[in-house]
Amino acid sequence: MGARETVADARERWIPTDGVELCVAELGRRTDEDGSRRPTVVLLHGYPDSKELWAPVAERLADRFHVVLYDVRGFGRSTAPDPLRGGFTLEKLTDDFLAVADAVSPDAPVHLVGHDWGSVQGWEFATVGRTRGRIASFTSLSGPSLDHLGHWFAGRLTRPTPRRAVQALGQGVRSSHVYLMHLPGVPGTVFGGLGTALARRRGRPVSPDLRGNAAHGAWLYRDNVRSRLRAPREDAYAHVPVQLITPADDPFLSPAVHDGLERWVPRLTRRTLRAGHWAPRTHPDRLAGWIGAFVDACEGRREDGGGGGGGDAPAVRGGRHGTYAEYFGEQLVLVTGASRGIGRAIVLAFARAGARVVAVDTDGENAARTAELARRVGAARAWAETADVSDGRAMEALAERVADRYGVVDVLVNNAGIAAAGPFLEHTEDDWNAVLGTNLWGVVHGCRLFGRQMAARGEGGHIVNVSSCAAYEPTRALPAYCTSKAAVLMLSQVLRADLAGQGIGVSAICPGIVSTTILDDTRFRGFDEQDRQSRIKRARQVYRIRRYPPEKVADAVLRAVIRDKAVVPVNLEARAGLWLSRLAPSLLRAFARINVRA
Ligand code: NDP
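Here the structure is a predicted model, which is why all the values come from computation and not from measurement. (Residues numbered from 1 in each chain as written. Predicted model: local features only at pLDDT ≥ 70, side-chain atom pairs only at ≥ 80, totals over all residues. Heavy atoms only, no water.)

1. Overview of the overall build of the protein
Defined as follows: In this description a helix means any DSSP run of H or I spanning at least four residues, a strand means any run of E spanning at least two, and both kinds are numbered starting from the N terminus. Relative accessible area decides the class of each residue, using a 1.4 Å probe on protein chains only: under 20% of the type maximum gives buried, over 50% gives exposed, and in between gives partly exposed. Any two residues whose heavy atoms approach within 4.5 Å at even a single point are treated as in contact. In this description, accessible areas are obtained by the Shrake-Rupley approach with a 1.4 Å probe, and a residue is regarded as covered only by the protein chains that are shown. Charge assignment in this entry is limited to Lys and Arg as positive and Asp and Glu as negative, and neither His nor the chain termini are counted. Throughout, a charge is located at the NZ atom of Lys, the CZ atom of Arg, the CG atom of Asp or the CD atom of Glu.
In terms of regular secondary structure, the protein is built from 20 helices and 17 strands. Counting over 598 residues, the protein shows a buried share of 57%. Put simply, 75% of the contacts in the protein that link residues at least 6 apart link residues at least 24 apart. On the protein, roughly 25000 Å² of surface is accessible, and the fraction owed to carbon and sulfur atoms is 53%. Here the protein contributes 79 positive and 66 negative side-chain charges, whose respective centroids are spaced 7 Å apart.

2. Re a nonpolar patch on the surface
Counted only if it meets this: Patches in this entry comprise residues that are over 30% relatively accessible and not in a salt bridge; like charges within 9 Å are linked, as are nonpolar side chains (Val, Leu, Ile, Met, Phe, Trp, Tyr) within 5 Å. By salt bridge we mean one thing: a side-chain nitrogen of Lys or Arg within 4 Å of a carboxyl oxygen of Asp or Glu.
Taken together, the side chains of Leu587, Phe591 and Ile594 define a hydrophobic patch exposed on the protein surface, amounting to about 300 Å² of accessible area. Here phenylalanine 591 lies in helix H20 (residues 585-592). Residue phenylalanine 591 is classed as partly exposed on the basis of its relative accessible area of 45%.

3. Things to note about the environment of histidine 45
Quick reminder of the rule: Contacts described as polar in this section are N or O atom pairs within 3.5 Å, which, within protein, must combine one atom able to donate a hydrogen with one able to accept it, while residues neighboring in sequence count only if both atoms come from side chains.
Structurally, the position occupied by histidine 45 is in the loop between strand E3 (40-44) and helix H1 (55-61). Residues histidine 45 and isoleucine 342 lie 297 residues apart in sequence; the distance between their C-alpha atoms is 45 Å. Excluding residues within four positions of it along the chain, histidine 45 makes contact with Ser50, Lys51, Trp54, Tyr70, Asp71, Val72, Phe75, His115, Trp117 and Gly118. Separated by 3.1 Å, the side chain of histidine 45 and the backbone oxygen of aspartate 49 make a polar contact.

4. Considerations on the packing of aromatic side chains
In plain terms, the rule: Ring pairs shown here join Phe, Tyr and Trp side chains whose ring centres sit within 6.5 Å, with only the six-membered ring taken for Trp; geometry is labelled stacked below 30 degrees between planes, edge-to-face above 60, and tilted in between.
According to the stated counting rule, one finds eleven aromatic pairs in the structure shown. The interplanar angle of 90° and the centroid separation of 5.5 Å between the aromatic rings of tyrosine 47 and tyrosine 221 together place this pair among those described as edge-to-face. Placement of the pair is tyrosine 47 in the loop between E3 and H1 and tyrosine 221 in helix H8 (residues 210-230), with a sequence separation of 174 residues. There is no split in this pair, since tyrosine 47 and tyrosine 221 are both buried.

5. A short note on the sheet that holds strand E5 (residues 110-115)
Put simply, the rule is: Here, strands pair whenever DSSP counts at least two bridges between them. Axis definition: a line fitted to C-alpha atoms, over the contacting stretch in the case of helices. Angles run 0 to 180 degrees between N-to-C directions.
Read from one edge of the open sheet, eight strands run E1-E2-E4-E3-E5-E6-E7-E8, paired in mixed fashion. Two strands close off the open sheet at either side, each with one partner strand: strand E1 (11-17) and strand E8 (268-273). Direction aside, the axes of adjacent strands within the sheet are offset by 20° on average. Inspection of the sheet shows strand E6 (residues 135-141) paired to strand E7 (residues 242-247) by four bridges, in the parallel sense. Of the residues in E7, the one forming a bridge with leucine 141 is isoleucine 245. The sheet contacts of helix H2 (residues 90-104) involve E1, strand E2 (20-27), E3, strand E4 (66-70), E5 and E6, and relative to E1 the element is tilted by about 130°.

6. Observations regarding the side chain of threonine 522
Checked against the element boundaries, threonine 522 lands in the loop between strand E15 (504-510) and strand E16 (523-524). A polar contact is formed between the side chain of threonine 522 and the backbone oxygen of isoleucine 518, at a distance of 2.8 Å. When sequence neighbours within four positions are dropped, the list of residues in contact with threonine 522 reads Ala419, Ala420, Ala421 and Arg532.

7. Here's the deal with the packing of H2 against helix H3 (residues 117-127)
The relative placement of two packed helices is expressed as an angle between their axes plus a distance between the axes. Rule in force here: The cut-offs work like this: below 35 degrees is roughly parallel, past 145 is roughly antiparallel, 65 to 115 is roughly perpendicular, and the gaps in between are oblique. The residue classification treats Ala, Val, Leu, Ile, Met, Phe, Trp, Tyr, Cys and Pro as nonpolar and Asp, Glu, Lys and Arg as charged. All others, Gly included, are polar.
It is at 10 Å that the axes of H2 and H3 come closest, and there the two elements cross at 85°. With respect to each other, H2 and H3 are oriented roughly perpendicular. Where H2 abuts H3, its residues Leu90, Leu93, Thr94 and Phe97 lie against Trp117, Gln121, Glu124 and Phe125. Taken together, the residues of the contact of H2 with H3 sort by class into five nonpolar, two polar and one charged.

Right, here's the structure in full:
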């Protein structure tokens, strides 16, 4: 028998309700030094856990909030109803919640946070009339409303399309454990045993309650699932603001079950986390930050940090608001080469999604202008930093500064780049140093320094390296540039394999011709001044005629992060080139010979 996990410094008490006694733990003070009331946050666990699941998050929230956790009836140290059958209905669980809320926060509504079955319960509490005035907000993690799920399945069965049918089937498979819950003896033995084995394998304390939790908790399923899915309530509207956190890699719940949730939740904030099912254990900093920020927003408070890595509170939003906001709201995004062109467009795209952005460039004034624009279009916060990406020391100082001032970067975009054009024999050593310094070493420095911080934090992240179609389309006109971009493409793929185990995605973006000012700073070699000017003029015409806007590259960057894409060719010539490089490389080699002077 293993040791029981505990919530450090918690004050415990038992609250009687409807024939059972609930074990309740409290952390953090109820009032601040100036006598003002602190918001109460109630954290509710799922199956087959007990309240200790939330310990890492609770400890991070306790310096700003009054935090309450309780063992659901039949779990942990709360007593079980007798008989078990009929003792776990959502109505009875609502009674329990109200008894706890009245005891811990009699004069103010509480902020509810639920995981797994804690979230299933939370949806019930947030949508039934008798809890009105007792809940200030609800944060849902890995547990759907049974009513919404019932309507979701019904919609897919009555109006099937191939996509909707696959979605319903997929969720049916993910819910396989629910069928087993109805078999006598299975939950305690199988899920209790499985949970114990998993905890041992991961070196966690094995809770002596696990088998009991697993056996009692099966009644959560038996008393509620079939009946609710068959006859979901028609009026299950949330009467509080809801923050929905969707772990993208949850094996039990498909993100698709939350499609159309806005119909039921008028004030919905969506967030996506690259995490599995037990995010309260694996991502406590991120969750504490988001919960703290959401509570602040609902209370009308705006405070920095606290709560373990938060940042400013987001506005509580109604409905959808910007395509990517659910993914990047409040995330910290750093972009190099941000003062113009593609870099600036990337900063602004993340800003529109409500991210906190850091615009980095050698030109501090222009970077500051980008940051100012970012604030105007909706960035949660925006800052400018000056650094030459080719300078290792400067990049080290930048990485330290960013970590100190703004925190660990969630998304890094290594975009800064320059070009040199002309035959190989006309390129000087200085040309090679300049191009490789910015295009390759800049990316190496960024990946190494910020990647290390992401890995140390242990919550994953994403690195985007802006390569080019020149990485796989050789041309004798751009020897140093093509070489640098090919190296960035290879580095990105190597890094992707290396960092995958730490939840850090890596994408290489390969645009074709994009209308920016890149030609202005391109080093042209092997031409006299007059020839050079006329070639720049002609090249500009090509860029003008092509008219491919940097905003489209930015959009591809955001999608690459969301979908964790490995290599993304951006426009037609980039996609065609990628196919040719695979199917007919000799054709590309023939194109590469076209004389640059011609
Ligand atoms: P721009 O020349 O318009 O912008 C480049 C940006 O990078 C500028 O803000 C520049 O800053 C900054 N920069 C240059 N060197 C450094 C450095 N050493 N340290 C920090 N910042 C630096 O280029 P694009 O926007 O067109 O290019 C962005 C990226 O996209 C590059 O990597 C490029 O190779 C790639 N790309 C571009 C294509 C195109 O057709 N435009 C096609 C395919 C890829 P400053 O203003 O101070 O010079």
